[in-house]
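# Structural description and commentary
Spelled out from the first residue to the last, the chains are:
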Amino acid sequence: MIAYTMVGTQDLARAQAFYNAVFAEMGWDVCWQDEASISFGKADDLSFPRFFVGYPFDGNTASTGNGVMTAFRVTQAEIVNTLYNTAMQAGGSDEGAPGYRPQYGEGFYAAYVRDPDSNKLAFVVYA
C-alpha cells in the first residue's frame, strides 16, 4: 500500500487552490498543512493514502519528471469528466481529454491533466 505521494510546487497558495478544487470533487479532506506543504486524503482514515504538495525539502526549484504521473482511480466515467473539467477551471492544463483508451485495456476510460506546476495527473476508471 502506498502511504503518500508528494509533488513539488513553486507557489503553495496556487497549488492549494488547484488541489482544493480537484480533491473536493473526490470527497477528500485537507489532512495537514504548514507553511511548506499540504496533504489531502481522508482525515478520519489513517490507512487511506495521502497526497502532498509542497516546496522541495532541499530548497531547490520544484521540477517535474519525464514519465512521472499520479493516477487517481474513480468509479465512473462521469467522475473522470467532472475531475477533468474541475482541473481545467482551477488552472490546470490538458494532457489528454476524457475518453476511452482501449490500448490500456477494455473499458479503460481516462483523462490526463497537469497542475499549475506541470505535475501530471490522471483520472481513470477501469474494470
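Residues numbered from 1 in each chain as written. Predicted model: local features only at pLDDT ≥ 70, side-chain atom pairs only at ≥ 80, totals over all residues. Heavy atoms only, no water.

## Some remarks on the sheet that holds strand β4 (residues 50-54)
Strands sit in the order β1-β4-β3-β2 across an open sheet of 4 strands; the sheet is mixed. What marks the edges here is a single partner per strand, and that holds for β1 (4-8) and β2 (29-33). Each strand of the sheet is rotated relative to its neighbour by a mean of 25 degrees, with strand direction disregarded. Sheet analysis places β2 next to strand β3 (residues 37-41), joined by 4 bridges and oriented antiparallel. For Trp-32, the partnering residue across the bridge sits in β3 and is Ser-39. (Pairing = 2+ DSSP bridges. Helix = DSSP H or I, 4+ residues; strand = E, 2+ residues; numbered from the N terminus. Axes fitted to C-alpha atoms, helices over the stretch in contact; angles between N-to-C directions.)

## Details of helix α2 (residues 77-89)
Here α2 spans 19 Å end to end across 13 residues, near enough to the 18 Å set by a 1.5 Å rise per residue. Burial in α2 covers these residues: Ala-77, Val-80, Leu-83, Tyr-84, Thr-86 and Ala-87. Buried residues along α2 sit against α1 (12-26), β6 (93-100), β7 (109-114) and β8 (120-125). Positive phi shows up at Gly-91, right after α2, with a value of about 105 degrees. (Expected span 1.5 Å × (residues − 1). Buried < 20%, exposed > 50% of the residue type's maximum accessible area, 1.4 Å probe, protein only. Contact = heavy atoms within 4.5 Å.)

## What about the sheet that holds β7?
In space, the 4 strands of this open sheet follow the order β5-β8-β7-β6, with mixed pairing throughout. Edge positions in the open sheet fall to β5 (70-73) and β6, since each of these has one partner strand only. In this sheet, adjacent strand axes meet at a mean angle of 15 degrees when their direction is disregarded. Helix-sheet contacts for α1 involve β5, β7 and β8, and the interaxial angle to β8 is about 10 degrees. In the packing of α2 onto the sheet, the strands contacted are β6, β7 and β8, and the crossing angle to β7 comes to about 15 degrees.

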